[in-house]
Amino acid sequence: RKEVEQDPGPFNVPEGATVAFNCTYSNSASQSFFWYRQDCRKEPKLLMSVYSSGNEDGRFTAQLNRASQYISLLIRDSKLSDSATYLCVVNTYQGGKLIFGQGTELSVKP
Amino acid sequence: DAGVTQSPTHLIKTRGQHVTLRCSPISGHKSVSWYQQVLGQGPQFIFQYYEKEERGRGNFPDRFSARQFPNYSSELNVNALLLGDSALYLCASSFQTGTGETQYFGPGTRLLVL
């Protein structure tokens, strides 16, 4: 079983749609959680950290459920520029080893 | 301020050869991590260095090695290249090594092994 699992997609949605990505992690000792965005042939960039209380940044909302070991990302009012691969990332161990899911591809169409 | 820089951007090698990839972290960052990303997958952790010491190692063979220099830049070395080593190699820097530290990625080195 993979340590971090995501639906690979692709998710094809029209502009203005709301889209939700889900992610599960296997290690209950996981301590930090992130969503990264990766554009085609580019490096991953931090989108947002994820906290147990949930957090919002503009059109983006992230939620963490530690009991279910589940992380989500909600994107409201999708823009063409949101088209990218979204990576669910967990940090379980002391130190900086990030464990990535395989990524979920999003394509927003006009 | 400059972000994480990596060189070269692209590289083509043949099986059995050796390769050295280089990374310069963001100014003030003392930790460098290396990741391998094959097509269609998320990045996989290879190494982390902090203050010139190895702080973590992923599940990669001994053909992979790395080091960090006094100026915090880093090199990743891969010996006896295999076709399966073809990937995007990403370097990430952070100020320290804590689990909550944000890691900032460089543009990567695309390695093709023929």
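Overview of the structure. What you see is a predicted model; the values in this text were computed from it and never measured.

The rules behind the values
Residues numbered from 1 in each chain as written. Chains lettered and ligands numbered in written order. Predicted model: local features only at pLDDT ≥ 70, side-chain atom pairs only at ≥ 80, totals over all residues. Heavy atoms only, no water. Disulfide = S-S within 2.5 Å. Helix = DSSP H or I, 4+ residues; strand = E, 2+ residues; numbered from the N terminus. Buried < 20%, exposed > 50% of the residue type's maximum accessible area, 1.4 Å probe, protein only. Contact = heavy atoms within 4.5 Å.

This part is about the state of the cysteines. In protein chemistry, a disulfide is the covalent bond that joins the sulfur atoms of two cysteines. Across all of its chains, the model carries two disulfides over all chains by this definition. Each disulfide pairs two cysteine sulfurs, and for C23 of chain A the partner residue is C88 of chain A, the sulfurs being separated by 2.0 Å. Measuring the twist about the S-S bond at about -75 degrees, one finds the C23 of chain A-C88 of chain A disulfide to be left-handed. Here C88 of chain A lies in strand 9 (residues 84-91) and C23 of chain A lies in strand 3 (residues 19-25), a separation of 65 residues in the sequence. Accessibility assignment for this pair places C23 of chain A and C88 of chain A in one class, buried. Note on cysteine connectivity: C23 of chain B is disulfide-linked to C91 of chain B, with sulfurs 1.8 Å apart.

Below, the discussion takes up the environment of K13 of chain B. Residue and element names in this part refer to chain B. Topologically, K13 is positioned in strand 2 (residues 10-13). When the C-alpha atoms of K13 and L82 are compared, they prove to be 9.6 Å apart, with 69 residues separating the residues in sequence. With residues up to four places along the chain from it excluded, the contact list for K13 reads H18, V19, L81, L111, L112, V113 and L114.

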